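Coordinate inspection notes
Each chain, letter by letter, is given below.
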Amino acid sequence: MNIDDDHPFRELSVESGALPIILSSPHSGTEFPLEAGVALAVSDDELKALDDGPTDDLVAAASGLGASVLCARYSRAYVDLNRSPYEIDPAHLDREALPQDASVTPKVEVGLGVIPSRVAGRLIYGRPLSLSNIDARLRRGYYPYHDRLWRLVQERRSAGGGVILVDCHSMPSEAACMAGQRGPVDIAVGDRFGTSAHSLLVRSVVELLEHAGLRVSQNRPYAGGFITEHYGRPHCGMHTVQLEIRRDLFYDRDTRILSTKAGMLSRVLCDLVVELYRVLQVVPRSGEKADAPMLANLPRPIMLAAD
């Protein structure tokens, strides 16, 4: 098994016999590199409210079955891998102009762009960042993760069949309660309202989770973020679903210690890998070639195109 320790992500994969299944955990990173001139206005504990906790511990065992697992190292507060690189918050900039191709989405407006500016309504930084600082973070953590994820998708799909990417996150209990009509849900399955994965695969995910005794919702309160939308191309044999697991179901928010149910959830995800591989064999295959994603075929970085 390969365990890559030299990159801004942790990859677990087998050297041979890999399945066409990838699990990503983009918000489980905890590292926040120190940067000259950057002053935080919140504590480390406050920053933890942005991350997903140890979801990487839940998905790691799936690599033993042949699935590829990719986990972030850097904290979501440092760079959010589940956002478009163009979602740049104007709040980060002082006298510098917002790049022309920047996208101020509703997420950006509440401080949750590719470089978050707020946590729980509070400004993260004591003074604005610079475009060069934003660019450095994209180069250091964002592009390497997505470059590797895209290559994995293409490698696992190269045998001529389809590939499925399961993007794993955790959700606050408050959001889980909003999704359930009769109490909180345990896992929300997102497929961008039927656009990011074949319905057979999505149905198998929901049914397996429900059979495991978990309360499941679809596309509520989360339908899937940038990764689900960007990599989900069923017409090209690339299927993506997002899983949002209720946080208090598997770990203590204050201590980050896994609960007794974490082991059960890890086994369920392993069962899911086996089931998805089975169902993938009967999903209609497409010979259409996937174009390179925007992360690979557009000039980068956005604001400093010097090289």
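Residues numbered from 1 in each chain as written. Predicted model: local features only at pLDDT ≥ 70, side-chain atom pairs only at ≥ 80, totals over all residues. Heavy atoms only, no water.

**Description of unusual backbone geometry**
Here arginine 220 and proline 221 are connected by a cis peptide whose omega angle stands at 0 degrees. Tracing the backbone through its elements, the reader meets proline 221 in the loop between β9 (216–218) and α7 (226–231). Not every positive phi belongs to a glycine, and phenylalanine 193 is a case in point at roughly 55 degrees. Its place among the elements puts phenylalanine 193 in the loop between β8 (187–190) and α6 (199–211). Phi angles above zero are rare outside glycine, and arginine 256 is one such case at about 60 degrees. (Helix = DSSP H or I, 4+ residues; strand = E, 2+ residues; numbered from the N terminus.)

**Quick word on the environment of cysteine 168**
Position of cysteine 168 relative to the elements: it lies in strand β7 (residues 163–171). Each C-alpha atom, one on cysteine 168 and one on glutamate 244, is 6.3 Å from the other, the two residues being 76 residues apart in sequence. Dropping the residues within four chain positions of it, cysteine 168 is found in contact with Leu23, Ser24, Ser25, Pro26, Asp52, Thr55, Val59 and Leu243. (Contact = heavy atoms within 4.5 Å.)

**Looking at the confidence of the model for the protein chain**
The share of residues in the protein chain with pLDDT of 70 or more is 89%, and the mean pLDDT across the chain is 89. The low-confidence segment residues 1–5, where pLDDT is below 50, has 15 contacts with residues more than four positions distant or belonging to other chains. Counted against residues more than four places away or in other chains, residues 296–307, with its pLDDT under 50, gives 24 contacts. (pLDDT = per-residue confidence, 0-100.)

**Let's talk about the nonpolar core**
Grouped together as the largest cluster of nonpolar side chains are 40 residues, with contacts concentrated most on Leu23, Val189, Leu209 and Leu243. Broken down by secondary-structure element, the contributors of at least two residues to this core are β3 (21–25), α2 (55–59), β4 (68–72), β7, β8, α6, β10 (238–246) and α8 (261–280). Setting aside residues no more than four positions away along its own chain, leucine 23 makes contact with Val59, Ala62, Ala67, Ser68, Val69, Leu70, Val166, Cys168 and Val273. The next biggest cluster of nonpolar side chains, apart from the first, holds 39 residues, and it includes Val42, Leu112, Tyr145 and Tyr231. (Core = buried A, V, L, I, M, F, W, Y, C linked by side-chain atoms within 4.5 Å. Buried < 20%, exposed > 50% of the residue type's maximum accessible area, 1.4 Å probe, protein only.)

**With respect to the side chain of arginine 148**
By the element assignment, arginine 148 lies in helix α4 (residues 131–157). On the basis of relative accessibility, which here comes to 13%, the residue arginine 148 falls in the buried class. A polar side-chain atom of arginine 148 sits 2.8 Å from a polar atom in the side chain of glutamate 11. Contact partners of arginine 148, with chain neighbours within four places excluded, come to Phe9, Glu11, Leu70 and Glu155. (Polar contact = N/O pair within 3.5 Å; in protein donor to acceptor, adjacent residues only side chain to side chain.)

**Describing the pattern of salt bridges**
One pass over the full model with this rule turns up 18 salt bridges. The partner of aspartate 80 in a salt bridge is arginine 76, with the nearest N and O atoms 2.9 Å apart. Note that glutamate 229 is salt-bridged to arginine 192, the shortest N-O span being 3.6 Å. Within this pair, whereas glutamate 229 is found in helix α7, its partner arginine 192 is found in the loop between β8 and α6, the two being separated by 37 residues in sequence. The partly exposed category is assigned to arginine 192, whose relative accessible area is 27%. Shared partners join several salt bridges into a network, and the residues in it are Glu11, Arg148, Glu155 and Arg156. (Salt bridge = Lys/Arg side-chain N within 4 Å of Asp/Glu carboxyl O.)

**Section: the packing of aromatic side chains**
If you walk through the whole model with that rule in mind, you get 6 aromatic pairs. Their ring planes at 45 degrees and their centres at 6.1 Å tell us that tryptophan 150 and tyrosine 231 sit as a pair that is tilted. Taken as a pair, tryptophan 150 in helix α4 and tyrosine 231 in helix α7 lie far apart in primary sequence, 81 residues in all. When sorted by exposure, tryptophan 150 lands in the same class as tyrosine 231, which is buried. With centroids separated by 4.9 Å and ring planes inclined at 45 degrees, the aromatic side chains of phenylalanine 250 and tyrosine 251 adopt a geometry described as tilted. Look at tyrosine 251 and you get buried, because its relative accessible area is 4%. Each residue in the set Phe32, Tyr74 and Tyr78 is aromatic and connected to the rest through ring pairs, giving one cluster. (Phe/Tyr/Trp six-rings, centres within 6.5 Å; stacked < 30°, edge-to-face > 60°.)

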